[in-house]
Amino acid sequence: MYSGDWTDSYSTAFVQQSLRRTSQPNASVLFVFTGTGIEWFGSTSPAHGRAEVYIDGNLVQIVDLWSGSVLHQQRNFWRFDLLHAKHVLKIVNIGTREGEERNTFIDLDALVVTRGRAATISGPPPGPSSSGSGSVFPARGQASQWTLVQNGSTGVHAMQLVVISPTHALIIDKVEHNPLTIDGHPAWAALYNLNTHTVRPIDMRSNSFCAGGSFLSNGSLISVGGNPVVNSHTAAADFGDVNGMQAIRIFEPCDSDTANRCSMYEDHDHLRMASSRWYNTVVRIDDGSAMIIGGSKRGGWINNATVNNPTVEYFPAKSIHRSNGLPIHLPFFEDTLNANLFPIAFSLPNGKVFMAANRDAMIYDWVLNTEQRLPRFPNGVRVTYPMTGTGVLLPLRAENNYAAEILICGGSTLDDHAPPYELSSQTPASAQCVRMELSEAGIARGWDIEEMPDARMMPDAVLLPTGEVLIVNGAGTGISGYGNVKDQIGASNADHPVFAPVLYNPAAPLGKRFSGGIQASKVPRMYHSVATLTPNGDIMVAGSNPNLDRSEIEYGTEYRVEWFRPPYMEMQRPAVLGSISKLGFGTHVDIQVRLPPGADVPMEIKVALMDLGFVTHAVHANSRLVYLETTISPGSKPDERIVRVAAPPSGNVYPPGPGWIYMLVNGVPSVGVKVMVGSGEGPAVDRKAMEK
């Protein structure tokens, strides 16, 4: 309800092409809503002034709408911590500014209500810095020591997730109307504090929708690719974003406990990829550089020949195979159309790269530019977007010369050439897992076939320091994406969320590797969900957003964070004493460890070197676990030992870059300690190739 003089203005820069404006002092608007949050979007400019904002009759904020230039669709006011009830919002134009002779403006472009949830066990509201209350659900059944904790809110939707320090994880989203605000507009990246469960927005300049990422050998993180500005929906006037399809964003190492100075660097005029990429995968290879793999040349859904990018390129760029720093063609990504986006890829301990796309897999020798095709996946199962499965490089061990085994689970047998109107959200996903040792004999034997307890589309596979794999998230039917199939659930192309994780033990006999009994979540984790191991040893689960923008329809945008806590989290754990700054290839380092009370004798001590990966779209790029050779000697105290650790022999076994050391005593891991593997220097830079 409006009072006073308001006029309507029309422009494509406004939400739904119109807004209402007033310059009359004390003119007001009254809005009644039911929910837990409210946002006011409008313009700012040199002619705009101040407004009083009341909720339920109480003055809660005076908002200053002045800005040095005209900006549209700005988030002028927001609250996300209201009780789930009926509320009254009132906005009053003050109409004057000190030093101004003319009346000043306010306008109303849009009001957005967060309906929220009335339930008591629902976690914190999606507020910008909520730390949550930490609801704990004890596990049941045979794995009774597992617990599930719901604690924290990501502030921005968690499409991409990577642990960057002992205290923080970086969350990256696409450009959308997230609750977290930066510089007057919704943020699409944030740092999540793993200890306090608070978030801080990160300023991003380009649209990172469906980007890939990787650390480099010097510890810098790159985020590459994305999507153009979506002018029809989240316009540049709203967010100030630029086309991200060739973007290379750099997040420098930042281990500060507060992360106050951590930032993302972008320079799109001088720092970009040679080609546009959407849905690309990035892996760090043995020289510490990043291989950027595949993708599409523009956004869409299922890939096709007109937009396919069947190439790899490198950062820093390389002048190899007569490429002069430009992309290198791979026939594999032509042969695997259409469902070949976000390929599954891992750097192998022989320096080559495993790649899987659609129903096929290969080993790529990037030095010789050759492809070794592997047996096709059995039973017609497709494993990459949008028939999304997940993959993991199983633990590497010195005692078997770091023999590489690949496990790939989930996906779909849907036809990747069928039109959307023939595809259904109710088509069952695949429960199939396939596993292969990547040796000559293993390849000759082909894929071993196993079955998960539940079929899953879009699962996440998280390596644990114990060598087990937690499979979590996903849907039981449908296909990845949103807004495409004939019978969408809300906007989701998938349905029947799979709430219960399962544990996979690669050391168990075939047919006995899966175990359940872990407490099921109550939060659907569908398309755009993520999960990662943390330095503390628990598993962070976040995200889910099968929608064009933030939404509260069925399978809406999810900001709640859950933590699956393995049994060892409640046990007495060993502790690494002191820091481990560097682990040079072929060297040895002595690590002092304090044993947990009552450690059995004889005891088994193992050292796990892990890369926690860059996680998005069920791809855990660079996820890795290497068990290192050790020699044990007594420490200065009865409950201490000196563990002499043999570093990986080369960057083939563990590509140079940051890692995490977990010390395991009788299967119980310590908290992870960050370490730089290799020299810590950046990858070689070919200036001429970079100029191309």
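Being a predicted model, the structure only gives us computed values, none of them experimental.

A. Up close: the overall build of the protein. The helix and strand tally for the protein stands at four helices and 57 strands. Computed over its C-alpha atoms, the radius of gyration of the protein comes to 26 Å, within 12% of the 26 Å expected for a compact globule of 692 residues. Each of the 692 residues in the protein was classed as buried or not, and the buried ones make up 61%. Considering only contacts within the protein whose residues lie at least 6 apart along the sequence, 66% involve residues at least 24 apart. Per element, the accessible surface of the protein, about 25,700 Å² overall, is 49% carbon and sulfur.

B. Representation of the state of the cysteines within the structure. Under the criterion given, the structure shown has two disulfides. Each sulfur in the disulfide pair Cys254 and Cys262 lies 1.7 Å from the other. Here the disulfide of Cys254 and Cys262 is left-handed, its torsion about the S-S bond being about -80 degrees. Taking the relative accessible area as the measure of exposure, Cys262 reaches 5% and is therefore buried. For Cys409, the disulfide goes to Cys433, at an S-S distance of 2.1 Å. Judged by the sign of its S-S torsion, about 115 degrees, the cystine formed by Cys409 and Cys433 is right-handed. You can see Cys409 sitting in strand E34 (residues 405-410) and its partner Cys433 sitting in strand E35 (residues 432-437), a full 24 residues away along the chain. Here Cys409 falls in the buried class, since its relative accessible area comes to 2%. Its relative accessible area of 0% is what places Cys433 among the buried residues. Within the protein, bonded cysteines paired by disulfides and numbered along the sequence follow the pattern 1-2, 3-4.

C. A look at the confidence of the model for the protein. For the protein, mean pLDDT is 93; residues scoring 70 or higher make up 95% of the total. Across residues 119-143, confidence stays below pLDDT 50; counting only partners more than four residues off in sequence or on other chains, it has 72 contacts.

D. The sheet that holds strand E18 (residues 189-193), seen in detail. Judged by pairing direction, the sheet is antiparallel, and its six strands sit side by side in the order E19-E18-E15-E14-E50-E51 without closing on themselves. Looking at which strands have only one partner, the edges of the open sheet turn out to be strand E19 (199-201) and strand E51 (619-621). For this sheet the average axis-to-axis angle between neighbouring strands, irrespective of direction, equals 20 degrees. Direction of pairing for strand E15 (residues 168-172) relative to E18: antiparallel, over a ladder of five bridges. Counted as the bridge partner of His168 is Asn193 from E18.

E. Fine view of the packing of aromatic side chains. Per the stated rule, a full pass over the model turns up 13 aromatic pairs. Geometrically, the ring pair formed by Phe31 and Phe33 is stacked, given 6.0 Å between the ring centres and 15 degrees between the ring planes. On the basis of an interplanar angle of 65 degrees and a centroid distance of 4.0 Å, the ring pair of Trp278 and Tyr279 is categorised as edge-to-face. An identical accessibility class is assigned to Trp278 and Tyr279; each is buried. Each member of the aromatic cluster is reached from another via a ring pair, and the members are Phe209, Trp278, Tyr279, Phe342, Tyr385, Tyr482 and Tyr527. Over the ring of Phe209 we find Lys174, and its NZ or CZ is 5.5 Å from the ring centre. Taking NZ or CZ as reference, Lys606 lies 4.1 Å from the ring centre of Tyr627, over its face.

F. Quick look at the nonpolar core. Of all hydrophobic cores here, the largest spans 57 residues; its most connected members are Ile539 and Phe564. Residues in contact with Phe564, not counting those within four places in the same chain, are Trp146, Thr147, Leu148, Leu470, Val472, Pro501, Ile518, Gln519, Ser521, Asp538, Ile539 and Val541. Counting 46 residues, the second largest nonpolar core, distinct from the first, contains Leu348, Ile408, Ile605 and Val645.

G. Summary view of the pairing of strand E49 (residues 605-611). With six of seven residues buried, E49 is to be regarded as a mostly interior element. For E49 and strand E55 (residues 657-665), the ladder comprises six bridges, and the chain directions are antiparallel. Of the residues in E55, the one forming a bridge with Leu609 is Ile661. Bridge count for E49 against strand E52 (residues 624-628) is five bridges, and the pairing is antiparallel. In the strand pairing of E52, Leu609 is matched with Val626.

H. Structural detail: the environment of Pro535. Considering the arrangement of structural elements, one finds Pro535 in the loop between strand E43 (529-533) and strand E44 (539-543). In this view, Pro535 contacts Val163, Ser165, Pro166, Leu194, Leu612, Trp660, Tyr662, Val671 and Gly672; residues no more than four positions away in its chain are not counted.

I. View of the pattern of salt bridges. According to the stated counting rule, one finds 24 salt bridges in the structure shown. Across the pair Lys318 and Asp287 runs a salt bridge, and its minimum N-O distance is 2.5 Å. Of the two residues, Lys318 is situated in the loop between strand E26 (311-315) and strand E27 (328-329) and Asp287 in the loop between strand E24 (281-284) and strand E25 (290-293); the sequence distance between them amounts to 31 residues. Residue Asp287 is classed as partly exposed on the basis of its relative accessible area of 30%. Linking Arg373 and Glu371 is a salt bridge whose minimum nitrogen-to-oxygen distance equals 2.9 Å. Within this structure, Glu39, Arg75 and Arg550 form a network of salt bridges that share partners.

J. Structural view of the side chain of Thr616. Secondary-structure assignment places Thr616 in strand E50 (residues 614-616). Polar contacts involving the side chain of Thr616 include one to the side chain of His617, which spans 2.7 Å. In contact with Thr616, not counting residues within four places along its chain, are Met159, Gln160, Ala211, Phe342 and Val530.

K. Fine view of the environment of Phe514. With respect to the helices, strands and loops of the structure, Phe514 is situated in strand E42 (residues 514-515). When neighbours within four sequence positions are excluded, Phe514 is seen to be in contact with Cys433, Glu450, Glu451, Met452, Pro453, Ile471, Val502, Leu503 and Tyr504.

L. Spotlight on unusual backbone geometry. Cis geometry marks the peptide bond from Leu337 to Asn338; its omega dihedral reads 10 degrees. In this fold, Asn338 is placed in the loop between helix H2 (332-335) and strand E28 (344-347). At the junction of Tyr385 and Pro386, the peptide bond is cis and its omega measures out at 5 degrees in the coordinates. You can see Pro386 is positioned in the loop between strand E31 (370-373) and strand E32 (389-393). Even without being glycine, Tyr402 reaches a positive phi, approximately 55 degrees. By the element assignment, Tyr402 lies in the loop between strand E33 (396-397) and E34. Assessed through its relative accessible area of 10%, Tyr402 is described here as buried.

The rules behind each value
- Residues numbered from 1 in each chain as written.
- Predicted model: local features only at pLDDT ≥ 70, side-chain atom pairs only at ≥ 80, totals over all residues.
- Heavy atoms only, no water.
- Helix = DSSP H or I, 4+ residues; strand = E, 2+ residues; numbered from the N terminus.
- Rg over C-alpha atoms; globule rule 2.2 N^0.38 Å.
- Buried < 20%, exposed > 50% of the residue type's maximum accessible area, 1.4 Å probe, protein only.
- Contact = heavy atoms within 4.5 Å.
- Areas by Shrake-Rupley, 256 points an atom, 1.4 Å probe, with all protein chains shown as cover.
- Disulfide = S-S within 2.5 Å.
- pLDDT = per-residue confidence, 0-100.
- Pairing = 2+ DSSP bridges.
- Axes fitted to C-alpha atoms, helices over the stretch in contact; angles between N-to-C directions.
- Phe/Tyr/Trp six-rings, centres within 6.5 Å; stacked < 30°, edge-to-face > 60°.
- Lys NZ or Arg CZ within 6 Å of the ring centre and 35° of its normal.
- Core = buried A, V, L, I, M, F, W, Y, C linked by side-chain atoms within 4.5 Å.
- Salt bridge = Lys/Arg side-chain N within 4 Å of Asp/Glu carboxyl O.
- Polar contact = N/O pair within 3.5 Å; in protein donor to acceptor, adjacent residues only side chain to side chain.

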